[in-house]
Structure formats: C-alpha cells, structure tokens
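# Close look at the chain arrangement
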Amino acid sequence: MLYVNGALRIRIKVVDTKTCNYNFFGENEMQSGTSKNNVDQFRIETTATAETQIGQDMESQKDLEQAEKDQHLPSEIQEKRRKGTLRKGFTTGTSATAATKAALISLLSQKIVNYVSVSLPKGEILNIRIAYTTKEQYSATAAVVKDAGDDPDATDRAEVCSTVCLTNEIGIISIVGGKGVGRVTKPGLGIEIGKPAINPSPTKMIERVVSEVAAEHLKDHGVKVVISVPRGEEIAKKTDNPRLGIIGGISILGTTGIVYPYSTASFAAAIRQAIDVARAMDNQWIVLTTGGRSEDFAKKLFGNALPEHCFVQMGDFAGYSIRLCALKQIQKATIAGFVGKLTKMSMGVKQTHVRGSHVDMEFMAQVASECYPGVSISILEEIRKANTARHVSEIVTTHKITGFFDLICKKVHEQMFEYLKGGLQLEVILFDFDGQVSGQFHATQS
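As the structure is a computational prediction, the values presented were derived from the model and not from experiment. (Residues numbered from 1 in each chain as written. Predicted model: local features only at pLDDT ≥ 70, side-chain atom pairs only at ≥ 80, totals over all residues. Heavy atoms only, no water.)

Moving on: the packing of aromatic side chains. Tallied over the entire structure, the rule returns five aromatic pairs. Relative to Phe302, the ring of Trp285 has its centre 5.0 Å away and its plane inclined at 80°; by these criteria the two rings are edge-to-face. Highlighted residues: Trp285 in strand β18 (residues 285–289) and Phe302 in helix α8 (residues 292–302), separated in sequence by 17 residues. A relative accessible area of 16% means that Phe302 is categorised as buried. (Phe/Tyr/Trp six-rings, centres within 6.5 Å; stacked < 30°, edge-to-face > 60°. Helix = DSSP H or I, 4+ residues; strand = E, 2+ residues; numbered from the N terminus. Buried < 20%, exposed > 50% of the residue type's maximum accessible area, 1.4 Å probe, protein only.)

Below you can see the structure in the form of structure tokens.
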C-alpha cells in the first residue's frame, strides 16, 4: 500500500494464470493494454470477494460469541460469572516476558526483584511475581509460575523460565526456545518450520522489555534470551501441540497477555490453528469430531487415509468449525460423533452443549416414525419416554428400526448444508459406543 499526497493508494499485483504475466496497477497507474473497464471490473470483483469474506468472518465471530454466552459451565463457575468474580490470569507469553525482565535486571543491575511490571499488547500493565532468580558469571535466570486464574488451563502453574546473557552481536536481540518449549515441524502456524513455538505477540513483548531494560547495553552488545519450561514436554501431551506438529514442549502464547476464564477464544484458536496446518499441508479433507473418543474411532475407521493433523476436535462448536472449514476453502469435512451430539445437530443446534439444547425425545420419535410405516405407536411412546439419546439408540437397536441412524446423519447434513448455503462437501458418520458405524450420510447422496 502506498500513500500519495496523504491519500491511500493500493498497489495490486494481478497474475494471469494462463500466460503467467504479472500486471501492476494503482489508482493512477495502468500498464498499456489494460483497459479502464477491465480494471473497474477487477476492482468490483475484488471488492465483492472481500465483502463476502468480511461477512463470513463476522458470521463466524457471531457463532463464537453465541457459543461463549451459552456454554454449559459448572454451577459454581456460573455463579462467579454472574457476580463478575471470575479471576483472570496471565499467559505463558506474559510469564516469559516477566521472567526475562527479572533476569535482565539481575544480570545488568546486580539486583534481585520479587515483582516486575509488564506492559501488555493493549496497554494494560500487570505486576507479576517472580518465583526465583539465579545468577551465573555471565548469565542470569528468572522464573515465573504461570497463573491461569479460574480458567482450566493445561499450563496453569507451569514454571516458565528465561535465561539471559550478553553477546557480541551489537544491537541484536535473539530469542530462542530451550527445554520444554516446542519446536515447529509443520506449516500453517505462522512460525517458520524449525523455529521454537514462541508466537509473534510474546516475541514482541519480550523484545520490547529487553529494549527498555538493556537500552544502553545494546549500544555495545546484543542480548540472547532462552525461554524454557521445565515440565513443558510433559504438559504438551495434554495439548494439541503433538497433533499440530509442535514437538518437544508447549507453545509460548498470548495475543492479549491475559487469560480470560472459560473464554472460547483459546478453543477457537486451537480449531483454527489445526485447520490452518491442514490447509498449509495441502490437505483438503478434515474430520471434525465431538471429542477424544469419537476421534479415536474416526482414526481407526480411516486408518492411514489421513494424517493426524486432519483430525480436529470441534467439541461443542459445530457451527463455528464448519464455517471455518468453508472460510479456509477446505473441500470436504466429515462430522463424526455419537447419537447425542449428532441428534442435537440434526435438530439445528450449532453449539451442542448449551443451555436449552437438550435432546428432544419427541423429535427422535418423529425420526423413528419416518424410517418406515411399521413402527408401532407403543415403540414411539417408548422413545418419547426415554431418559437419554443413548437410551433411544438402545430402543432403536432392540426393535431393529432400520435407517434411523442414517436418517439422523442425513438431517445433520441438511442442517449444516443449509447453514453454510453450500460451498463445502459434507459427510456425517454416527458411531455406536463400541466404535462401529451405526449411521452415515455422504454429500454425494444429496
């Protein structure tokens, strides 16, 4: 983008896919042979595409906001949220930044500090407690115990350490990952392959604090920062890092620097990141499962047909995940789960663990009645009085109501296809509780 006389000029590169010729033009610059009408048409199409993308992004955000508002929480957490007393925490990125500041102060000023202030990306300032500081002849290490507040975060109470030393590379700040910090092995994560999984926002926070504390020393030296998490490799097993190709430890994360309890943002980020990896690896088929057990069954079903990163646990956020697949231009998505969640989806529920989204037994009786005319009134009444969706599946199996589970899958497909207005090939698979496929519907059947 260029600014000319105070006005914004957008410089666009157009690729002719047939001739591989490149044309550049701005508002007042056109290559010979490019007509004004063609340029205007290009702008119209580009604007329309951008507006469509923005609209889809806004709808996706609405899905997420609704999911966060309606998510099912333990009663004590609901009460805290109602009172506004849920305790916020801070991210691994904030922890690493605070540890770096304390270590630098120790190295350069020979002082041990118990607390440091850290500026967050949006301007807030947090005072972070330093767990300990140690000093060697040419380096210093400080540690912060990450506090996730009331959020059930796998990295809560993890010890995040920073070791700093001066180098001969004048003015250069280098940030590397040590023990327990994962290393990126797949594309799509916004970090170069082979680099430590320290995300851009924490990197900027660490660079800023080094620039502030070591401003004078950077005139004659460089500063090397090594971030480590002693239990990082163990903790990472409880995260999506292994699936995403981040090996050897956890990621240093945090866009805002703050952990908001029970926010769907981190879950949404995990879904988005998984789909980004698959897209970057040129995989066009994603399997969305409702949890770990259904994912295990799906992996067994598909065998080696798909790499692990193509299996994404969408949890309760079906609508958000499906829309994201469409936004990322994934060609095919398979939805796989059990009768309870899929029945909710077949009813049109896009976030399947929300208040008021209980399985409707009358709905399930109606599905049974559609399977074939011979379902007796007594069986339908038995379904209406069932305790759970699983109980209904037992009734259906006992009475051999043929086509019931396939019809549930078909209705899930119809709901999701309508939700997206097309644009994505969908497949739905329903597992029984032993991992056998009870029902299935392919987009090609529509």
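This part is about the nonpolar core. By size, the foremost hydrophobic cluster in this structure holds 72 residues, and its most contacted members are Ile322, Met364, Ile383, Ile401, Phe404 and Met416. If you tally residues by element for this core, the top one is helix α14 (residues 404–420), at nine residues. Other than its neighbours up to four places away in sequence, Ile322 contacts Leu288, Ala333, Ile335, Met416, Leu420, Leu424 and Leu426. Ala98, Ile130, Val225 and Ile235 belong to the second largest nonpolar core, which has 39 residues in total. (Core = buried A, V, L, I, M, F, W, Y, C linked by side-chain atoms within 4.5 Å. Contact = heavy atoms within 4.5 Å.)

Remark on secondary structure: sheet strands pair via backbone hydrogen bonds, oriented parallel or antiparallel. Ordered by their spatial adjacency, five strands build an open sheet running β19-β18-β20-β21-β22, and the pairing between neighbours is mixed. Since the sheet does not close on itself, it has two edges, and those belong to β19 (311–313) and β22 (437–442), each with one partner. For this sheet, the mean angle separating the axes of adjacent strands, direction not counted, is 20°. Of the pairings in the sheet, the one linking β18 to β19 comprises three bridges and is parallel in character. By the bridge assignment for β19, Leu288 is matched with Val312. Helix-sheet contacts for helix α10 (residues 339–346) involve β20 (332–337) and β21 (425–431), and the interaxial angle to β21 is about 140°. Each of β20, β21 and β22 touches α14; the most contacted strand, β22, lies at about 35° to it. (Pairing = 2+ DSSP bridges. Axes fitted to C-alpha atoms, helices over the stretch in contact; angles between N-to-C directions.)

Here the focus is the packing of helix α9 (residues 318–327) against α14. Axis angle and axis distance: for two packed helices, these are the angle between their axes and the distance between the axes, and together they describe the pair. Look at α9 against α14: their axes get within 10 Å of each other, and the N-to-C directions meet at 55°. Put simply, α9 runs oblique to α14. Considering the relative orientation of α9 and α14, their crossing is right-handed. Together, Ala318, Gly319, Ile322, Arg323 and Ala326 of α9 and Met416, Tyr419 and Leu420 of α14 make up the contact between the two elements. (Parallel < 35°, antiparallel > 145°, perpendicular 65-115°, else oblique. Left-handed = near helix turned anticlockwise from the far one by under 90°.)

In contact at an axis separation of 10 Å, helix α7 (residues 265–280) and α9 are set at 30° when each is read in the N-to-C sense. Regarding the angle of α7 to α9, the classification is roughly parallel. α9 is crossed by α7, and the crossing has right-handed handedness. Residues Ala268, Ile271, Arg272 and Ile275 of α7 lie in contact with α9, whose contacting residues are Tyr320, Ser321, Leu324 and Cys325.

Now for the confidence of the model for the protein chain. Here the protein chain shows a mean pLDDT of 82. Residues at 70 or above account for 80%. Predicted confidence is poor over residues 1–56, with pLDDT under 50, and the contacts of this stretch with residues over four places away or in other chains come to 46 contacts. Low pLDDT, under 50, characterises residues 351–357; the stretch is placed with 24 contacts to residues that sit more than four places away or in other chains. (pLDDT = per-residue confidence, 0-100.)

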